Amino acid sequence: QVQLVESGGGLVQPGGSLRLTCAASGSISSINAMGWYRQAPGKERELVATIITSGGSTTYGDSVKARFTISRDIAKNTVYLQMNSLKPEDTAVYYCTARMKYSGRHYWGKGTLVTVSS
């Protein structure tokens, strides 16, 4: 079992920045990768970014490349999402996820709302 708790969401103006944090607990050693997905009202959940916990390799969704950066702090069992140059279309609930090494199962946090508006 893995528990994920997101924080850092809120209201920001277009062009602004936010940093999301995801703290993991439980069976940490069994996690292979962590990441962020988002879901806007009326839309499907989409990939934002992922990071392999051991090697640090990252992937990004096309809509956030060059604006968002995912990173991890292994000692703190925490993953971050630095979001810069935010746009109104980035408004969504952002979910943290962890993928398990052997089963491939994904665990999900409850989400944190990011609203980009003037």
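Here is a short report on the structure shown in this document.

How each quantity is defined
- Residues numbered from 1 in each chain as written.
- Predicted model: local features only at pLDDT ≥ 70, side-chain atom pairs only at ≥ 80, totals over all residues.
- Heavy atoms only, no water.
- Helix = DSSP H or I, 4+ residues; strand = E, 2+ residues; numbered from the N terminus.
- Buried < 20%, exposed > 50% of the residue type's maximum accessible area, 1.4 Å probe, protein only.
- Salt bridge = Lys/Arg side-chain N within 4 Å of Asp/Glu carboxyl O.
- Phe/Tyr/Trp six-rings, centres within 6.5 Å; stacked < 30°, edge-to-face > 60°.
- Lys NZ or Arg CZ within 6 Å of the ring centre and 35° of its normal.

## Some words on unusual backbone geometry
Of note in this structure, N77 is not a glycine but carries a positive phi near 55°. For N77, the location among the structural elements is in the loop between β7 (68-73) and β8 (78-83). On the accessibility criterion, N77 (29% relative accessible area) is partly exposed.

## Details of the pattern of salt bridges
According to the stated counting rule, one finds 4 salt bridges in the structure shown. The salt bridge partner of D90 is R38, with a shortest N-O separation of 2.9 Å. Highlighted residues: D90 in the loop between β8 and β9 (92-100) and R38 in strand β4 (residues 31-39), separated in sequence by 52 residues. On the basis of relative accessibility, which here comes to 1%, the residue D90 falls in the buried class. One network of salt bridges, in which partners are shared, links R38, E46, R67 and D90.

## A short note on the packing of aromatic side chains
With the rule as written, the count across this model stands at 1 aromatic pair. Ring centres of Y37 and W108 lie 5.3 Å apart, and the angle between their planes is 70°; this geometry places the pair in the edge-to-face category. One end of the pair, Y37, is in strand β4; the other, W108, is in strand β10 (residues 106-108), with 71 residues separating them in the sequence. A residue is classified by how much of its surface remains accessible, and Y37, at 23% relative accessible area, is partly exposed. Given the relative accessible area of 37%, W108 is considered partly exposed. For R45, the ring lying beneath its charged end belongs to Y95, and the centroid distance is 4.0 Å.

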